[in-house]
Amino acid sequence: MSNQGKLYLLPVPIANEGGYEFVPSANSIIIQGLKKFIAEDAKTARRFLKGFGYTDLPSAEIFLLNEHTKTGEVSSLLKPLLAGENIGLMSDAG
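First, a word on what this report is: a plain description of the structure on this page.

### Remarks on the sheet that holds strand E4 (residues 87-91)
Strands sit in the order E1-E4-E2-E3 across an open sheet of four strands; the sheet is parallel. Edge positions in the sheet fall to strand E1 (7-11) and strand E3 (61-64), since each of these pairs with one other strand and no more. Within the sheet, the average angular offset between the axes of one strand and its neighbour, ignoring direction, is 25°. For strand E2 (residues 36-39) and E3, the ladder comprises four bridges, and the chain directions are parallel. Each residue of the ladder has a partner; that of alanine 39, found in E3, is leucine 64. Across the face of the sheet, helix H2 (residues 42-51) comes into contact with E1, E2, E3 and E4 while running at roughly 140° to E3. Helix H3 (residues 74-82) rests against E1, E2, E3 and E4 of the sheet, and its axis sits at about 140° to E4.

### Some words on H2
Of all the residues in H2, the buried ones are Thr44, Ala45, Phe48 and Leu49. The buried residues of H2 occupy one face: seen down the axis, they fall within an arc of 135°. Pointing more than 90 degrees away from the buried face of H2 are the exposed residues Lys43 and Lys50. If you follow the buried residues of H2, they end up packed against E1, helix H1 (25-32), E2, E3 and E4. Capping the start of H2, aspartate 41 holds a side-chain oxygen 3.2 Å from the backbone nitrogen of lysine 43, two or three residues further along. In the stretch just after H2, glycine 53 is the one whose phi turns positive, near 70°.

### Remarks on a nonpolar patch on the surface
Side chains of Leu65, Val74, Leu78 and Leu82 sit close together on the surface and give an oily, nonpolar patch of about 300 Å² of accessible area. Tracing the backbone shows leucine 78 in helix H3. For leucine 78, a relative accessible area of 38% gives the class partly exposed.

How each quantity is defined
Residues numbered from 1 in each chain as written. Predicted model: local features only at pLDDT ≥ 70, side-chain atom pairs only at ≥ 80, totals over all residues. Heavy atoms only, no water. Pairing = 2+ DSSP bridges. Helix = DSSP H or I, 4+ residues; strand = E, 2+ residues; numbered from the N terminus. Axes fitted to C-alpha atoms, helices over the stretch in contact; angles between N-to-C directions. Contact = heavy atoms within 4.5 Å. Buried < 20%, exposed > 50% of the residue type's maximum accessible area, 1.4 Å probe, protein only. Arc of directions from axis to C-beta. Polar contact = N/O pair within 3.5 Å; in protein donor to acceptor, adjacent residues only side chain to side chain. Patch = residues over 30% accessible without salt bridge, like charges linked within 9 Å, V, L, I, M, F, W, Y side chains within 5 Å. Areas by Shrake-Rupley, 256 points an atom, 1.4 Å probe, with all protein chains shown as cover. Salt bridge = Lys/Arg side-chain N within 4 Å of Asp/Glu carboxyl O.

Pasting the structure below:
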């Protein structure tokens, strides 16, 4: 049996600017080690990563999961996890 990846739940600050001081500092370490993210909106996700000083923003893969995502597409979001890759799931609701 292969090792499965970890799904990290990453709360996004509700404020448009700042709010990162309320997110645990351990999240910053986790974020820096991730290459794949699931988010409701790519623009918000990039702003969040930039706010944390994410060092490889152009290479970050951001997959969308929102009201426009079809039920059949959800399983494809989980494939990297099943292949052993870690993914960050960002919640725009804080």
